[in-house]
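Okay, here's what each chain looks like letter by letter:
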Amino acid sequence: MNIYDIAKLSGVSIATVSRVINNSPKVSEKTKKKVWDVMNEYDYTPNVFARGLGLNSVKTVGLVCPDVSDHYMANAIAYLEKNLRKYGYDSILMCSGFDYEGKVEAVKILLDRRIDAMILVGSHYAGDCGQNDIQYLKDAAEKVPVVLMNGYVRVPGVYCVLTDNYKAVYDTVCNLIEVGRKKIVFLYDANSYSTTKKIEGYQDALIDNGLKVQEEYKVFMPNNVLKARDLLAKKKLDFDAVIASDDAMAVGALKYVHQINKSIPEDVNIVGFNNSELCVCCYPEMSSIDSQEEELSEIAVDSLIKVLAGKSVRQKMEISCKFIKRNTTQF
């Protein structure tokens, strides 16, 4: 008999059981009684040493990301693992891919390992098609605390840590318009929660500045430098600015502009997203929106440790992105 079993028999989350044992004022007397009745019935005695540290903890957190070869994902996993070790926790990594079945399977495998908690990296886990897409998250959150990094769902037991991508793109597009750019292309590679917010920021900035949203200027493409370059060459769009949902596509746009002009004209601005090393590997060095993944990772782990200790944590924690100016923008 362990904390997982107590939570299941009581019909509450593991975090709630932790709060009950730690006598947290955040839990109602009715719920406390229900949990203690189950513990007494099964003669369950919490490990005193483990109180505030997950109770009967195996000191292991499951990490899930779609693809660890992705630059953003790889950095996030590295930051998370480092911060977890700071608290004495080991981690197990599962790469789920982007298909729904892969996500469900990855989460199931980790839960079978009796992990203490789970952190999912990427807004792809926030679902694309409705509540059914996140049922596996709801099920997981009934067994262990879950942190979703860079996405948002309103699910009890799932704590969301993300950046304000809407505002970051909105402000950037407004700045582009203020320096004279009017034909602004938006490049994206997914229909995830994060990308949806970026697109909303792009469209609203155009509308608020009296410009029309042109559907052909929203270009879906692979997140790949050369494929982005070639697709833009095929489309032959007339543009004076590009903002991309990831740096690789922005570098592809930079290559395309250089290819047709033999240089980068001053009246063409290009902005990436995530501020990866790609931004300084190209010429000229490229402006980008920094998604603050190191800070997000710290918040994710710190919040998770508080949840395991039975402390109250906000369900949604959102921070600002940071614009990094280099040589492809005039503002």
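Definitions and cut-offs
Residues numbered from 1 in each chain as written. Predicted model: local features only at pLDDT ≥ 70, side-chain atom pairs only at ≥ 80, totals over all residues. Heavy atoms only, no water. Axes fitted to C-alpha atoms, helices over the stretch in contact; angles between N-to-C directions. Helix = DSSP H or I, 4+ residues; strand = E, 2+ residues; numbered from the N terminus. Parallel < 35°, antiparallel > 145°, perpendicular 65-115°, else oblique. Left-handed = near helix turned anticlockwise from the far one by under 90°. Contact = heavy atoms within 4.5 Å. Nonpolar A, V, L, I, M, F, W, Y, C, P; charged D, E, K, R; others polar. Buried < 20%, exposed > 50% of the residue type's maximum accessible area, 1.4 Å probe, protein only. Pairing = 2+ DSSP bridges. Right-handed = clockwise from strand over helix to strand, strands pointing away.

> Any chance you could break down the packing of helix H1 (residues 3–10) against helix H3 (residues 29–41) for me, citing the residues and the numbers?
Running from amino to carboxyl end, H1 crosses H3 at an angle of 125°, the nearest separation of the two axes being 9 Å. When the axes of H1 and H3 are compared, the pair comes out oblique. Considering the relative orientation of H1 and H3, their crossing is right-handed. Contacts between H1 and H3 involve Ile6, Leu9 and Ser10 on the former and, on the latter, Lys34, Val35, Val38 and Met39. Looking at the contact of H1 with H3, its residues break down into five nonpolar, one polar and one charged.

> Please give an account of the pairing of strand E8 (residues 241–244) that cites residues and values.
Residue alternation in E8 divides its side chains into two sets, Ala241 and Ile243 and Val242 and Ala244, and both sets are buried. Relative to E8, strand E6 (residues 184–188) runs parallel, the two sharing four bridges. Of the residues in E8, the one forming a bridge with Ile184 is Ala241. Bridge analysis of E8 against strand E9 (residues 269–273) gives three bridges, and the strand direction is parallel. Looking at the pairing, Ile243 lines up with Val271 of E9.

> Help me get a handle on the side chain of His124, residues and values and all.
For His124, the location among the structural elements is in the loop between strand E3 (117–121) and helix H6 (135–141). His124 gets classed as buried once you look at its relative accessible area, which sits at 18%. Excluding residues within four positions of it along the chain, His124 makes contact with Pro66, Phe98, Lys103, Ala190 and Ser192.

> Provide a residue-level description of the pairing of strand E2 (residues 90–95), including the pertinent values.
As paired elements, strand E1 (residues 60–65) and E2 share six bridges and run parallel to each other. In the sheet register, Leu63 faces E2, and the bridge partner there is Leu93. Assessed by its sense of winding, the connection that carries the chain from E1 through helix H4 (residues 71–86) to E2 is right-handed.

> Please give an account of the sheet that holds E1 that cites residues and values.
Taken in spatial order, the six strands of this open sheet run E2-E1-E3-E4-E5-E11, and their pairing is parallel. Two strands close off the open sheet at either side, each with one partner strand: E2 and strand E11 (316–319). Averaged over neighbouring strand pairs, the angle between their axes works out to 15° when direction is ignored.

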